[in-house]
Amino acid sequence: MDAETDSTRIAETELPAGTDAIDGEITRDTTTPEPVTRRIPPWAPVLIGVASATLGLLPWLITGMRLPLQNLWATEVAPDRYPVVLLPFSQYAITLITALIVTGASIAGIVARATRTRLPRFGTAAILIGVLAVQVIATVQTSSVVDDGLQQRAESTLYLAALIAGTSGVIFVGALLMLLVARAPRAGAVIGLSIAAVAFGPWINGLIVPFGTAATTDLVWLLDITRWIPPVLVGAAIAWGGVDTVGRVAAAAFGLLALWIAPALMTAISSAAGTRVLAGHPAEMLDYGVDVFGMALLIPAIALPPLIVAVTVAVIGLVGRLIVTRRRTAAARAEHLPR
């Protein structure tokens, strides 16, 4: 009778959280509660996009943002008296403009993918809106300033229209790239990351040697190192994505093709557009660009080293992944073996 009374009293007593009474015995629940994922506030994704796009503009921001020298400017102006603009509109800065926009979008994509379990509903879309807001505002502001200062000639209209069209196209590509990195399966993300890696080369060079300045002897060695950053990043992206499906193999092949073709294409466009004597001869400019593209693409001393580095990094990364996976599998099996 006394035992039943004690059991009843225990059952009726309010127990501490995490404890239970079974057959008169007090037991404690030792299971670890699942961690609660803290959501990012609804207003934060837009700011992430704005910050990412602004960080992408950093190589231009550190120059003071004075408009580059314009061959069609209406008045004679000293370089330090040109107006301040948010993008370096110039035929000599096409590669830099591409790098600024693509890098900003890729930073946003990487952050979005890393935080996707914590983003609120439509968080990725909000990040994209923040990126596009900065880049579109920068394009509109720069276009307006350049339009006000150029000579009233047909060449000026064509020049500005080409820059606006090219920049708009790069913004569109950057938006697609951001969505690939943020939301696509690994194969799609590898494609986006490979493009971002190629654009990161001129971006980091723009930080080391700001646009409009010349590289000093002290910085030459650093530029020799940074030229290997894109192939290392492409190789790392391939290793991260893996090659265990057809889609991932195709993405790896695309990454290597992008590393091979994109720098040659950017060199050709910059060389052709930056040759002032060809400005009034579009056909000759196109021929010159094609010749430069062919040389940059097919000369082994230029094309092969980055590909070799990328493949080497990818192989090392894939082998490392395989070793780690096997060790984890062996450890998991050992835990389930009878003792």
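Figured I'd write up the structure that's included with this text. Since this is a predicted model, take the numbers as computed values, not measurements.

Check the secondary structure of the protein chain and you find 12 helices and two strands. Considering the protein chain as a whole, with its 339 residues, one finds that 35% of them fall into the buried category. Within the protein chain, counting contacts between residues at least 6 apart in sequence, those at least 24 apart form 70% of the total. Of the roughly 19600 Å² of accessible surface on the protein chain, 67% is carried by carbon and sulfur atoms.

As a further point, take the packing of helix α2 (residues 44-56) against helix α4 (residues 94-114). As a packed pair, α2 and α4 sit with axes 7 Å apart at the nearest point and diverge in direction by 145°. Crossing hand, α2 versus α4: right-handed. Of α4, the residues touching α2 (which contributes I48, S52, A53, L55 and G56) are L100, G104, I107, A108 and V111. The residue inventory of the contact of α2 with α4, partitioned by class, reads seven nonpolar, three polar and no charged.

Below, the discussion takes up the packing of aromatic side chains. Using the criterion set out here, one finds three aromatic pairs in the structure. Look at W73 and Y82: their rings are 5.3 Å apart centre to centre, the planes differ by 55°, and that puts the pair in the tilted class. Accessibility expressed as a relative area gives 10% for W73, which makes it buried. Taking the relative accessible area as the measure of exposure, Y82 reaches 2% and is therefore buried. One Lys or Arg, R227, reaches over the ring of W228 and ends 4.2 Å from the middle of that ring.

What follows is about α2. Between the first and last C-alpha of α2 there are 18 Å, a value that for 13 residues agrees with the 18 Å anticipated at 1.5 Å per step. Those residues of α2 that are buried are in contact with α3 (58-61), α4, α5 (123-149) and α7 (186-208).

With that out of the way, let us pick up the nonpolar core. By size, the foremost hydrophobic cluster in this structure holds 48 residues, and its most contacted members are L67, F89, L100, I127, L150 and M178. Listing elements by their share of this core, those giving two or more residues are α2, α4, α5, α6 (154-183) and α7. The element contributing the most residues to this core is α6, with 10 residues. In this structure, M178 is in contact with A105, A108, G109, A112, T124, I127 and L128, ignoring residues within four places of it in sequence. With 13 residues, the next largest nonpolar core counts A197, A251, M266 and L307 among its residues.

With that settled, the discussion passes to unusual backbone geometry. Of note, the phi angle at M65 is positive, near 65°, even though the residue is not glycine. Following the sequence through the fold, M65 ends up in the loop between α3 and α4. Look at M65 and you get buried, because its relative accessible area is 19%.

Looking now at the pattern of salt bridges. Under the definition given, this model contains two salt bridges. The salt bridge involving R153 is made with E155; its shortest N-O contact spans 3.4 Å. Here E155 falls in the partly exposed class, since its relative accessible area comes to 42%. The salt bridge partner of R248 is D244, with a shortest N-O separation of 3.0 Å. Accessibility expressed as a relative area gives 57% for D244, which makes it exposed.

Rules behind the numbers
Residues numbered from 1 in each chain as written. Predicted model: local features only at pLDDT ≥ 70, side-chain atom pairs only at ≥ 80, totals over all residues. Heavy atoms only, no water. Helix = DSSP H or I, 4+ residues; strand = E, 2+ residues; numbered from the N terminus. Buried < 20%, exposed > 50% of the residue type's maximum accessible area, 1.4 Å probe, protein only. Contact = heavy atoms within 4.5 Å. Areas by Shrake-Rupley, 256 points an atom, 1.4 Å probe, with all protein chains shown as cover. Axes fitted to C-alpha atoms, helices over the stretch in contact; angles between N-to-C directions. Left-handed = near helix turned anticlockwise from the far one by under 90°. Nonpolar A, V, L, I, M, F, W, Y, C, P; charged D, E, K, R; others polar. Phe/Tyr/Trp six-rings, centres within 6.5 Å; stacked < 30°, edge-to-face > 60°. Lys NZ or Arg CZ within 6 Å of the ring centre and 35° of its normal. Expected span 1.5 Å × (residues − 1). Core = buried A, V, L, I, M, F, W, Y, C linked by side-chain atoms within 4.5 Å. Salt bridge = Lys/Arg side-chain N within 4 Å of Asp/Glu carboxyl O.

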